[in-house]
Amino acid sequence: MGLDTGVDPVGGRQAHGSEERRTKCDESHFNRLFKRFTSESHGVHHSAMPARRVQLADVAARSGVSVSTASYVLSGKDGARRFNEGTRRRVVEAARDLGYVRNRSARSLRQGRTRTVALFYEAPMDRFVERYQLQAVRTLRERGYLLVAIAVVDGEVDTVVEAIRSGMCDGALVACSEQTGLRLVAAQPTPPLPVLLLGATAPCPGYDVVMTGEPQAVEEALAGLWDAGARRVLFAGQHRQEEQVRSDLRWQAYARFMGVHGKEPGLLMTCAPDIACAYQQAVAVLREARDRDALPDAVYCAADRTAIGVVLAAQHLGIPVPARMSVLGTGNSQDAEYLDPPLSTIGMTQASIAAVLEHFWSRLSDDSTQASAITERWRLVPRGTTPAAGL
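Predicted, not measured: the structure shown is a model, and the values here were computed from it.

About the criteria used
Residues numbered from 1 in each chain as written. Predicted model: local features only at pLDDT ≥ 70, side-chain atom pairs only at ≥ 80, totals over all residues. Heavy atoms only, no water. Helix = DSSP H or I, 4+ residues; strand = E, 2+ residues; numbered from the N terminus. Buried < 20%, exposed > 50% of the residue type's maximum accessible area, 1.4 Å probe, protein only. Contact = heavy atoms within 4.5 Å. Phe/Tyr/Trp six-rings, centres within 6.5 Å; stacked < 30°, edge-to-face > 60°. Core = buried A, V, L, I, M, F, W, Y, C linked by side-chain atoms within 4.5 Å. Pairing = 2+ DSSP bridges. Axes fitted to C-alpha atoms, helices over the stretch in contact; angles between N-to-C directions. Patch = residues over 30% accessible without salt bridge, like charges linked within 9 Å, V, L, I, M, F, W, Y side chains within 5 Å. Areas by Shrake-Rupley, 256 points an atom, 1.4 Å probe, with all protein chains shown as cover. Salt bridge = Lys/Arg side-chain N within 4 Å of Asp/Glu carboxyl O. Lys, Arg positive; Asp, Glu negative; His and termini not counted. Charge placed at Lys NZ, Arg CZ, Asp CG, Glu CD. Parallel < 35°, antiparallel > 145°, perpendicular 65-115°, else oblique. Left-handed = near helix turned anticlockwise from the far one by under 90°. Nonpolar A, V, L, I, M, F, W, Y, C, P; charged D, E, K, R; others polar.

Undergrad: It is not clear to me how the side chain of Thr 87 should be interpreted in this structure. Could you clarify?
TA: Mapped onto the fold, Thr 87 is located in helix α4 (residues 85-98). Using a relative accessible area of 11% as the deciding quantity, one classes Thr 87 as buried. Dropping the residues within four chain positions of it, Thr 87 is found in contact with Val 65 and Thr 69.

Pasting the structure below:
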């Protein structure tokens, strides 16, 4: 059987008549398939397709409630709980069956609110920030708000300033470095809406700030390692460039602690906070240190992902953790709990994160609530990668 190319095999001329007939045949076949797909296969007839957008009144009629009740139930507000479970279920199922989609733009125009909060973060997103994001999604969703995450590139705050000035959101969470936060305050001294700075070390008038006492928490955790006998403690950074590592508050807290105790701070390795990257780097540097009989007593890591990579590398090389080398992470991420043994880390508890977001919600919902500084301290979470006696 030959291939039908649409070319006259004798004279090499294009067989236009054959091509046109085949095209018409293909179109006819396609039309028959399309009609069959949209009507017979799915039981849908063109005459039955809705000619207009589904309205809230349609949902109310289908579920047998008033329009105001349907609106309240679908708003996700706390007050919706005053309706019994059967009513709420009927309204939600009616909305789903009818394909009802709430018109957020129209509602924003009516209420003068976008019902949107922006989360600004420096990529890649830290696991600690990710925990804030997940809790914020839950907190805001219960109240009918959306959370949108926006990356801040190279510490440029223009993106943040433009967003809070443009009216695209009702409030903002800024989970960036302290240096980026300070640049934001300098560029926008008085924010036009509630803005919460995570991880600040001092109050900023007009802004809500969360002071975590992170440097103090790092030094307290290192003191536990010291008390357990660790004298040679090295640092594993969460940035690729050494210059960035040395500007990190966690490195500075570590270096300060080592200096106070008469020891030189030492950098084990630098890499992005990625488990695979950290594992590869750690295998190389720990193998060399082991072969030179120069393994550290402990490694303090600026991120949990880095610490997990270090633990996995130690296990690969047969280095007992924590019997021969302790490993301490930062961030108190969920990943830390899943490691075997579970990773000892420094960070904020889930209860503290929830308390911070409840305060932020009070700022969003009540214009009379003033900006304030909130202290929710980071704490050591001792687990299986550090000595129990010392921590």
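Undergrad: Any chance you could explain the packing of aromatic side chains here in plain terms?
TA: To describe a pair of aromatic rings, one takes the distance between the centres and the angle between the planes. Summed over the entire model, instances satisfying the criterion amount to eight aromatic pairs. Relative to Tyr 132, the ring of Phe 128 has its centre 5.3 Å away and its plane inclined at 85 degrees; by these criteria the two rings are edge-to-face. Of this pair, Phe 128 and Tyr 132 both sit in helix α6 (residues 127-141), four residues apart, roughly one helical turn. We classify Tyr 132 as buried; its relative accessible area is 3%. Measuring from ring centre to ring centre gives 5.4 Å for Phe 235 and Tyr 254, while their planes differ by 35 degrees; the resulting arrangement is tilted.

Undergrad: Honestly, the nonpolar core in this entry has me stumped. Any pointers?
TA: One recurring pattern in soluble globular proteins: nonpolar side chains tend to sit buried together. Counting 45 residues, the largest nonpolar core has Tyr 132 and Leu 173 as the members making the most contacts within it. Leaving out residues up to four positions away in the same chain, Tyr 132 has contacts with Leu 198, Val 210, Met 348, Ile 353, Val 356 and Leu 357. Of all hydrophobic cores here, the second largest spans 28 residues; its members include Leu 234, Ala 236, Val 321 and Ala 336.

Undergrad: I keep staring at the sheet that holds strand β10 (residues 344-347) and nothing clicks. Help me out?
TA: Two strands in a sheet stick together by hydrogen bonds in their backbones, pointing the same way (parallel) or opposite ways (antiparallel). Read from one edge to the other, the open sheet built from six strands follows the order β7-β6-β8-β9-β10-β12, with strand pairing classed as mixed. Taken across any chain shown, the strands that pair with only one partner, and hence form the sheet edges, are β7 (266-269) and β12 (379-381). Averaged over neighbouring strand pairs, the angle between their axes works out to 30 degrees when direction is ignored. Bridge count between strand β8 (residues 298-301) and strand β9 (residues 326-330): three bridges; the pairing is parallel. What sits directly across from Tyr 300, in β9, is Leu 328. Helix-sheet contacts for helix α13 (residues 304-316) involve β6 (233-236), β7, β8, β9 and β10, and the interaxial angle to β9 is about 160 degrees.

Undergrad: How do you make sense of a negative patch on the surface when you look at a structure like this?
TA: The grouping of Asp 154, Glu 156, Asp 158 and Glu 162 at the surface amounts to a negative patch. If you trace the backbone, Asp 154 turns up in the loop between β2 (146-152) and α7 (158-166). The exposure class assigned to Asp 154 is exposed, which follows from its relative accessible area of 70%.

Undergrad: When you look at the sheet that holds β2 in this model, what are you seeing that I'm missing?
TA: Here six strands make up an open sheet; going across it, the order is β2-β1-β3-β4-β5-β11 and the pairing parallel. Each end of this open sheet is capped by a strand with a single partner; those strands are β2 and β11 (373-375). This sheet shows a mean twist of 20 degrees between the axes of neighbouring strands, independent of strand direction. Bridge count for strand β5 (residues 208-211) against β11 is three bridges, and the pairing is parallel. The residue of β11 that forms the bridge with Val 210 is Ile 374.

Undergrad: Is there a simple way to think about the packing of α6 against helix α15 (residues 350-365) in this case?
TA: Geometry of a packed helix pair, given as the angle between the helix axes and the separation of the axes. Between α6 and α15, the shortest axis-to-axis distance is 10 Å and the interhelical angle comes to 50 degrees. When the axis of α6 is compared with that of α15, the two are oblique. Here the hand of the crossing between α6 and α15 comes out right-handed. Residues Arg 131, Tyr 132, Gln 135, Ala 136, Thr 139 and Leu 140 of α6 pack against Gln 350, Ile 353, Ala 354, Val 356, Leu 357, Glu 358, Trp 361 and Leu 364 of α15. Of the residues that constitute the contact of α6 with α15, the class distribution is nine nonpolar, three polar and two charged.

The quantities given are spatial measurements derived from coordinates; they are silent on function.
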